[in-house]
Amino acid sequence: MPNRPLTADYLDERKLWLGRWERRGMILLVALMLAFPLLATTNWVTIANLTMVSIVGSVALMILTGFTGQISMGHAAFLALGAYTAAVLGSHWQWPFWLILPVSGTVAALVGLAVGPFALRLEGLYLAIVTIGLIFLVNHVLLSFPQYTGGVGGIAVPMYAGFGEGGQGGLSALTETVWIGDFALNFERKLYLLFSLLMLLSVWGIRNLARSNAGRAMMAVRDHDLAAAVMGVNPARTKIIAFGLSSFIAGIAGAMFAFQQQFLTVEPPFNLLMSVQYIAMIVLGGIGTVFGAVAGPIAFVVLSPLMEALGRNLPLLDQLNSSQQSTLLFALLVMGFLIFEPLGLYGIWLRIKRYFMAWPFSH
């Protein structure tokens, strides 16, 4: 059965929900998300929190690389800026988390807007090389001010619910477990509720962006910037907007990561490997699609322990550590998708969807 009736005009294409099956699917997804922290253990809730951080970070990179076609290897730098903004503001000035989140995004966006003009004359691998340098530049700056960032030793990340809690230390009321009957609402489950809201807002935002004039302009620039300019799109402005918006969301993802970890060091995790992992996520999920920004991080988290278990049992790979084994196997997986299914998991989903839409007919 088709998901929706055939569209007859442009307004039908711009609808947020395409059909009744998609609406029902969204309702079921929200119900499962609400039930998950009630049924899962704390360890699984922590994994879910890290997955939602990855989804928000993938949404940010999808805007820049998937929608606009600007290859960025400096994604970890924007995450680091957001994370350390959260750590510094919370540790030194006791700002509440709900104020730190937008400020972290703004700090990363300012740097993204400063980098954006370089994208006007650079494309492809040349832009990727420039953004790689951004990682080392940001890491050097963070390590150069140990009185604020903690330097090589790292920095704790307090998370306050409001102002005036500096004298209580730590994460104050947010770390205290609240008992509701036999259910323990601990710190990880509180983060789950916050991260779920931020993740849904980011996915809803990128879905609307893909249907908006700005999103269509980004895709036109991605496909052919000269043709886009002939049609009235300003490629320079579009690329700068993409850099600013992508880095803003990446800064929020970095702040989420800092709150979840509660303690930060510069390297690891904010290194080139993190940027490569986010590139792998959106390629695995389906580059240029909203589906890929969600499915890629989920698949990455699910496959990581499987890759480590597989790497220990393969010849030659058993001489590498678990991180290197996982990275190598993921590289082979991504190359396989690029060769045999360039649309990633989204392409597989389209095949399954089209099969059931045409069933019982084979053509």
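Note that the coordinates shown come from a computational prediction; the quantities given were computed from them, not determined experimentally.

With respect to the pattern of salt bridges
Line of reasoning, step 1. Overall, the coordinates contain two salt bridges when judged by the stated rule.
Line of reasoning, step 2. Across the pair R351 and E341 runs a salt bridge, and its minimum N-O distance is 2.9 Å. Here E341 lies in the loop between α14 (322–340) and α15 (344–358) and R351 lies in helix α15, a separation of ten residues in the sequence.
Line of reasoning, step 3. Given a relative accessible area of 55%, R351 falls into the exposed group.

Concerning the side chain of T85
Line of reasoning, step 1. As for its position among the elements, T85 is in helix α4 (residues 75–93).
Line of reasoning, step 2. Discounting chain neighbours no more than four positions away, the residues touching T85 are V103, S104 and V107.

Overview of the confidence of the model for the protein
Line of reasoning, step 1. For the protein, per-residue confidence averages 84 on the pLDDT scale, and residues scoring 70 or more make up 90% of the total.
Line of reasoning, step 2. Put simply, helix α1 (residues 10–13) is where the protein has its lowest mean pLDDT, 61, and helix α11 (residues 235–261) is where it has its highest, 94.
Line of reasoning, step 3. Note on residues 166–172: pLDDT under 50 across the span, and 14 contacts to partners over four residues away in sequence or across chains.

Re the packing of α4 against helix α5 (residues 97–115)
Line of reasoning, step 1. In the contact formed by α4 and α5, the axes pass within 8 Å of each other and the chain directions differ by 140°. Compared by their axis directions, α4 and α5 come out oblique. The way α4 lies across α5 gives a crossing that is right-handed. Along the contact surface, α4 presents F78, L81, G82, T85, A86, L89 and G90, while α5 presents I100, V103, S104, V107, A108, V111 and G112.
Line of reasoning, step 2. By residue class, the composition of the contact of α4 with α5 is nine nonpolar, five polar and no charged.

Cut-offs applied
Residues numbered from 1 in each chain as written. Predicted model: local features only at pLDDT ≥ 70, side-chain atom pairs only at ≥ 80, totals over all residues. Heavy atoms only, no water. Salt bridge = Lys/Arg side-chain N within 4 Å of Asp/Glu carboxyl O. Helix = DSSP H or I, 4+ residues; strand = E, 2+ residues; numbered from the N terminus. Buried < 20%, exposed > 50% of the residue type's maximum accessible area, 1.4 Å probe, protein only. Contact = heavy atoms within 4.5 Å. pLDDT = per-residue confidence, 0-100. Axes fitted to C-alpha atoms, helices over the stretch in contact; angles between N-to-C directions. Parallel < 35°, antiparallel > 145°, perpendicular 65-115°, else oblique. Left-handed = near helix turned anticlockwise from the far one by under 90°. Nonpolar A, V, L, I, M, F, W, Y, C, P; charged D, E, K, R; others polar.

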